[in-house]
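# Per-entry structural report
This is what each chain is made of:
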Amino acid sequence: MSTPAMLITSRPLDEYCQLFGLTRSELSAVPGPVLDCPGGAAGLAAEAGELGVRVIATDPAYAAPLPALTALARAGRDAMAAAMTATPHLYLSPRHLPYDKYLRSWDRARRLFAADSSAHPERYVAAALPRLPFADGSFALTLSSYLLFAYPALFPPAGQLAGLLELARVTAPEGEVRIYPLHDGTGRRCRHLDELRAALGRRQVSSEVRRMARPGDGRTRRVLVLRAADHRRRNGRQH
Ligand SMILES: C[S@@+](CC[C@H](N)C(=O)[O-])C[C@H]1O[C@@H](n2cnc3c(N)ncnc32)[C@H](O)[C@@H]1O
């Protein structure tokens, strides 16, 4: 079986809110910076910036020049269009969300990303899990969509655990990490999620699988939510 190529995708803020069970006002009320890892060519940092929310997006693809990155994101959008036609059972029915409207929302997000990363390059940090260049507890909320569980061929269980621990490390103890999806690109659920959660627990990271309403068809999404114990306690240091 060949390894699936990783797409650079460009979801807008509203799709992030739906994936992670957030409203715009809840996002605006987050008491500190938000991390988007991986940021891809998403509109989150740009659109949240307009709402007064500071989002840092991080992704190894940010090391590439912007025109190359946006061309890859355009190819990612075209690959998504093809996938929606070829495997419609994996996506929300067009009765609930017409495909052309959905893809236009990605086009808009990609344009916002391109403009914002030129205007505010400090919001876009080139880095890769499992090692991020941020201090412990830097973020009040960390969102991670379509990476660790979406590409299990690229992230075997040990890589998933290392990535999850790193996301927890850079998130404040009173904050949360939310991860979606918990299945791969064919819809197959992660079979070793319980073992991963047990390993996280041994490293002082608590977890829950939260069911979030999926607008449109009344089904639910499963989102992994992590909370790290105080980092000084985790590292065994004195307060
Ligand atoms: C499918 S996109 C998801 C982007 C965005 N979160 C979204 O939902 O639209 C996956 C992204 O993960 C990035 N990526 C690949 N390896 C990574 C790693 N080790 N750490 C962080 N991001 C990575 C890729 O460059 C790509 O932009």
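So, here is what we can say about the structure in this document. (Residues numbered from 1 in each chain as written. Predicted model: local features only at pLDDT ≥ 70, side-chain atom pairs only at ≥ 80, totals over all residues. Heavy atoms only, no water.)

### Observations regarding the sheet that holds strand β4 (residues 139-145)
Pairing is mixed across the open sheet formed by seven strands, whose spatial order is β3-β2-β1-β4-β5-β7-β6. A single partner strand is all that each edge strand has here, and the edge strands are β3 (124-125) and β6 (205-213). Here strand β2 (residues 55-58) pairs with β3 via two bridges, running parallel. Directly across from A57, in β3, lies its bridge partner Y124. Contacts from helix α1 (residues 13-20) reach β1 (34-36), β4, β5 (171-180), β6 and β7 (220-228), with the element oriented near 95° to β4. (Pairing = 2+ DSSP bridges. Helix = DSSP H or I, 4+ residues; strand = E, 2+ residues; numbered from the N terminus. Contact = heavy atoms within 4.5 Å. Axes fitted to C-alpha atoms, helices over the stretch in contact; angles between N-to-C directions.)

### Here's the deal with the site of the ligand
In the region of the ligand, 19 residues are neighbours, and T9, P38, D59, L129 and S145 sit closest. A distance of 2.9 Å separates a nitrogen atom of the ligand from a polar atom in the side chain of Y16. Burial of the ligand by the protein amounts to 92% of the accessible area it has alone, namely 600 Å². (Near = heavy atom within 4 Å. Polar contact = N/O pair within 3.5 Å; in protein donor to acceptor, adjacent residues only side chain to side chain. Areas by Shrake-Rupley, 256 points an atom, 1.4 Å probe, with all protein chains shown as cover.)

### Considerations on the packing of aromatic side chains
A full pass over the atoms with the stated rule returns seven aromatic pairs. Each ring, one from Y16 and one from F20, has its centre 6.1 Å from the other, and the planes form 40°; the classification is tilted. Here the residue Y16 and the residue F20 both occupy positions in helix α1, the gap between them amounting to four residues, near one helical turn. For the pair shown, Y16 and F20 are each scored as buried. Judged by centre distance (5.1 Å) and plane angle (90°), the ring pair of F134 and F139 falls under edge-to-face. A relative accessible area of 14% places F134 in the buried class. Look at F139 and you get buried, because its relative accessible area is 3%. Ring pairs connect the aromatic residues Y62, F113 and Y124, which therefore count as one cluster. Directly above the aromatic system of Y146 lies the positively charged group of R11, at a separation of 3.7 Å from the ring centroid. (Phe/Tyr/Trp six-rings, centres within 6.5 Å; stacked < 30°, edge-to-face > 60°. Buried < 20%, exposed > 50% of the residue type's maximum accessible area, 1.4 Å probe, protein only. Lys NZ or Arg CZ within 6 Å of the ring centre and 35° of its normal.)

Fair warning: the whole summary comes from geometry, so function is off the table for now.
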